[in-house]
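Listed below, chain by chain, are the residues.
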Amino acid sequence: MQLIECPYCGPREEVEFHYGGQAGVAYPADPAALTDEEWGRFVFVRANPKGRFEERWSHAAGCRRWFTAVRDTATYRFSR
Amino acid sequence: MTRVDGYGRVDRTRTLRFTFDGVSYTGHPGDTLASALLAHGVRTIARSVKQDRPRGVTAVWSEDPTGLVQVEEPFPEPMLLATTIELVDGLVASSIGGRGRLAEVPDTARYDRRYAHCETLVVGAGPAGLLAARTAARRGDRVVLVDDRPAAGGSLTGTERICGRDALDFVADTLAELRAHPDVRILLRTTAFGHYDDGFVLALERRTDHLAPAPQGLSRQRVWRIRAGHVVVATGAHERPIVVADNDRPGIMLAASARDLLHRYGVLAGRRVVVFTSDDAAYDAAADLAGAGAEVTLLDPRPVRGDSRSGDYRRSRGLVLGTGAGPDGAISHVFTDQGELPCDLLLLSGGWNPTSHLFSHVRGALRYDAELGAFRPGEALAGVTVVGAANGTFDLAGCLAEGRGETPEPLPRTNLVLWRTDGDPARQYVDLQRDSTVADIARATGAGLRSVEHVKRYTTIGTAHDQGKTSGVLASAITAELLGVPIESLGTTTFRPPYTPIAFAALAGRERGQLFDPVRTTALHAWHVARGAVFEDVGQWKRARYYPLPGEAGGTEDMDTAVLRECAAVRRDVGILDGSTLGKIEVRGPDAGAFLDMIYTNLMSSLRPGRVRYGVMCGLDGMVIDDGTVLRLDDEGFLVYTTTGGAAPILDHMEEWLQTEWPHLRVTLTSVTEQWATFPVVGPRSRDVVGALAPHVDVSAAAFPFMTWQDTEVDGVPVRLARISFSGELAWEVSVDGWHAPALWRRLIALGEPYGITPYGTETMHVLRAEKGYPIIGQDTDGTVSPQDLGMSWAVSTKKVDFIGKRSFARAENRNPLRKQLVGLLPLDPTVKLPEGSQIIEQTAELPPPPVPMLGHVTSSYRSAALGRTFALALVKGGHARIGERLTVPVGGDLVPVEVTGSVLVDPEGTRRDG
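Described in the following lines is the structure provided in the data block. Keep in mind the model is a prediction, meaning the values are calculated, not measured. All residue numbers refer to positions counted from 1 along the written sequence of the respective chain. Lettering of chains starts at A and numbering of ligands starts at 1, both following the order in which they are written. Confidence filtering applies because this is a predicted model: local features only for residues at pLDDT of at least 70, side-chain atom pairs given and counted only at 80 or more, and all residues used for totals across whole chains, interfaces and linings. Just so you know, side-chain values use all the structure's heavy atoms and leave hydrogens and water out.

## Digging into the interface of chain B and chain A
Frequently, the measure chosen for interface size is the accessible area that the parts lose on association. Here is the rule: Any two residues whose heavy atoms approach within 4.5 Å are treated as being in contact. Each of two parts loses accessible area, computed with a 1.4 Å probe, when they are put together; buried area is these two losses added. Salt bridges are defined as contacts in which a side-chain nitrogen from Lys or Arg sits within 4 Å of a carboxyl oxygen from Asp or Glu. Under the rule applied, a polar contact is a pair of N or O atoms within 3.5 Å (in protein, one hydrogen donor and one hydrogen acceptor; residues adjacent in sequence only if both atoms are side-chain atoms). Put simply, DSSP marks the helices as runs of H or I at least four residues long and the strands as runs of E at least two long, and each gets a number from the N terminus on.
Taken together, the contact pairs 23 residues of chain B with 21 residues of chain A. Buried surface at the junction of chain B and chain A, both sides included, amounts to about 2,200 Å², of which 45% is carbon and sulfur. Where B:Glu656 meets A:Arg56, a salt bridge forms, and the shortest distance between an N and an O atom there is 2.5 Å. Where chain B meets chain A, there are 16 residue pairs in polar contact (both at pLDDT 80 or more). Broken down by element, the side of chain B that touches chain A gets its largest block of residues, 7 residues, from helix H15 (residues 647-660) of chain B.

## Describing helix H9 (residues 452-459) of chain B
Residues and elements named next belong to chain B. The condition is simple: Think of it in three bands: with a 1.4 Å probe and only protein chains considered, a residue is buried below 20% of the maximum accessible area for its type, exposed above 50%, and partly exposed in between. Directions drawn from the helix axis to the C-beta atoms are what define this arc.
Of all the residues in H9, the buried ones are Val452, Glu453, Val455, Lys456 and Thr459. Here the buried residues of H9 occupy an arc of 165 degrees about the axis, which is enough to place them on one side. Contacts from the buried residues of H9 go to strand E30 (436-437), helix H8 (438-446) and helix H10 (472-483). Of the residues that open H9, the one with a side-chain oxygen 3.0 Å from the backbone nitrogen of Glu453 is Ser451. Once H9 ends, the next one or two residues include Thr460, with phi positive near 65 degrees.

## Points about the pairing of strand E21 (residues 320-325) of chain B
Residues and elements named next belong to chain B. Where we set the bar: DSSP-based pairing: two strands are paired if at least 2 bridges between them are found.
Direction of pairing for E21 relative to strand E22 (residues 331-336): antiparallel, over a ladder of 5 bridges. Bridge pairing links Val320 to Thr336 in E22. Hairpin geometry of E21 and E22 is characterised by an intervening segment of 5 residues between the two adjacent antiparallel strands and by a positive phi of about 90 degrees at Gly329.

## Notes on the nonpolar core
Residues and elements named next belong to chain B. The following threshold applies: Nonpolar core, defined: a set of buried Ala, Val, Leu, Ile, Met, Phe, Trp, Tyr and Cys residues in which side-chain atoms within 4.5 Å join the residues together. In this document the domain limits rely on a domain assignment from an automatic tool or a database.
Phe18, Leu33, Leu289, Val296 and Leu347 are the most contacted members of the largest nonpolar core, which totals 49 residues. The dominant element in this core, judged by the number of residues it contributes, is helix H5 (residues 281-291), at 7 residues. When residues of this core are assigned to domains, at least three fall in each of domain 1 (16-95) and domain 3 (241-350). Excluding its chain neighbours within four sequence positions, the residues that come into contact with Leu347 are Met253, Leu254, Ala255, Ala258, Val273, Val274, Val275, Phe276, Ala285 and Leu289. Ranked by size, the runner-up nonpolar core spans 43 residues in total, among them Cys618, Ala731, Phe803 and Leu875.

## Brief notes about the packing of aromatic side chains
All names here are of chain B. For clarity, the threshold we go by: By convention, a stacked pair of Phe, Tyr or Trp rings (six-membered ring in the case of Trp) has centres within 6.5 Å and planes under 30 degrees apart, an edge-to-face pair has planes over 60 apart, and any other such pair is tilted.
For the structure shown, the criterion picks out 22 aromatic pairs over all chains. Ring geometry for Trp527 against Tyr547: centres 6.1 Å apart, planes inclined by 70 degrees, an arrangement best described as edge-to-face. With Trp527 in helix H12 (residues 525-530) and Tyr547 in the loop between strand E32 (541-546) and helix H13 (559-572), this pair connects stretches of sequence that are 20 residues apart. Of the two residues, Trp527 and Tyr547, neither departs from the other in class, the shared state being buried.

Below you can see the structure in the form of structure tokens.
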């Protein structure tokens, strides 16, 4: 049971959090301008690196705020 | 009796009575079941699982691989170690052949959970752990000290001296000092069984099993969830036997275990003792047992050494090769390289394995120490310190130094690493509980297995209750020997929690039965119960499913009868439903309309205050995730109704988009599900009932049109009326705050009495909506269904530039005319009700050979009072184009012919909604 640092509440147990996948995937400025393939990639495809990963978390059982955290997917360690 | 005067810490002034295998025995407070049995000379207490060989006690605490028993009294419990059962008056136990028997009566004991937070957690109250705890306490830390034994002191026997004093006095003084600290918590009889990330440790405290009778009101076991800044692992070491032929007989145990039996319980486990050791520690056992009156012969393969403890025992250089048994199956003699020796106890000691489980649980790497013949912690882990024997430091002075945080000079090793002697591999047991031998390992390596993890699973070595505490390293070593590779290249199998077996009851704690999951009830629950409602679980909610009336034969209506009656009453007169579980979210702010335009497929910002609009929500993939109505409250406020199951997920969905994509929108989201009770009053006479409730409101179709709402007051209580229909009938949803809900409901029932108002449940609601082709999200959809598939293109805006899911509608696959679409199905036989989930195939008189192409499946199926027949909704490939066609639904062995229809079967023209 890891402790995860909520930027608003401080360290809390991981069960209080909801995982939101890769961070920084911007919603396309003009979805209509994308090809089907480009749009499909935006909807379905996410990076899955081994190592440092910027990802979205929500303190779902706490303040319910979303935040971005950096985690090593091999060690699970959060670096900020 | 083998109890020796002057030894042991049991309370001999008191006598406890217990029964084992139907025979009555006595013991004393402080005994375990094992020590008490051994005190009576009972050496055989179990039989092995596969080979039915007699087994006794091999080790004296939780590492014992053999002494599993069934407890009958005070409460039936299978497969407990006799060595860890504290003796209580009236205990009844029996031997088992490997498999126990679960209780057939409910366990009435209570199990609970507590949390503890500390700077320093020390696991193990032996010399190293005590000093570590004392050091931390003196530093001002909050300290938790846990130990799985009933008393602190670890492996101290009372013969040692610490700081010039009797070691046990030192233990008592240190405990007293710790207890005087306000921030030190000492938990005895508490096993730290799992160590997880960031200093999280789970420990099981056994609170009442040593008390007879168990006190009322005290939980039997407690799981401690401990979060520590620093974890000190001071868990000691397990002695390792040397494998010899027939090493599984009763009367064969580890050397230190026999010594512990003598000093802790005053039990001399044998009179003619052979000690076979390649390590100095067993000399203490030889000397102590000889001092207590046993005739002891010690065999050691090493040349004579000067630093071994002397005593009244014979020592010679030699090897034990095997054992022989007497008529009772227990050991009677040993075969050595110099001949046969009679004995009634054989002690084996091949050295010590650090108990590094808690270090390994958090992925601490172990390193093979060739001098030690064991794996020990091999790296530094942040937040974890391993001290004492768990760290491979086996001398008392070294343990005390490490406990204080110092690094002692390592002592020179004098032991010889010896895994086994020559003998028949099929009789050399490695894992006694699993009856697994050296021959089994040879079979595994012969079959080509090269990894200890594979060998473990092939031979089952290390998979029993003890998880290989004494056998694991031996298995690695013998595997390495057979493969001709160094043991360090193989490593050990992975240590995983739990360290000792933990009862599921303890893990469940109080969260069982009624408390397994929260139960949510509406403000009207008591009314529903009094009315005899049958409930169904919808998520955590208890919803009234139907209200059976007394039947003709003295019973009550079955569901089919009740639902047909409720459906008919609603379409003929008027009915009332408790719809309070529907999710409600108040969306407020200057940008609320713009926000909802992105969330819903249709336009919401154009909705005027006082109006209601139905909306569909999709995910990015364009598939429907929820639906419901939206009330515009004022310029900046909307009340969004979600499905019952969607209340929490849709709020999360909205929050996610608002916070992560559109933080510039000035909108707040508030769940008001619990604040509003909502009752649909439905049917041709609903106008009369609602008109009577709110005489100041003009409820005519002209003044109160469909999809509008008005606030009013009833006896000074604010009440909201909304003309929304989930049945196609004239209907009002009447909403009020939860506090006033029961009174308002009763009033509606009373006002409806002249019109035959009928309370109806979720089952009738489902039938009424299905007759109108209204889908239930999650029943008629499964995350792969678009609004177009549901025939709801009308609810998808073509004007809006964008909304969640819009781009996906334009994907080629979403335009495929062969997508599954929602249609109605009418069985040609109007009495046949299709089971929901049934597959649909092309029309056929005979089932073709598989594979049979599946066209879709039945999503909803009911008997309709309005239609006087059965009907169903289904998702069918290209279904909209198939209306009028006949298809086949295989049901059991039958082929049911059905006709595809539109999904709206009752009142397709919509003539009933205005009454």
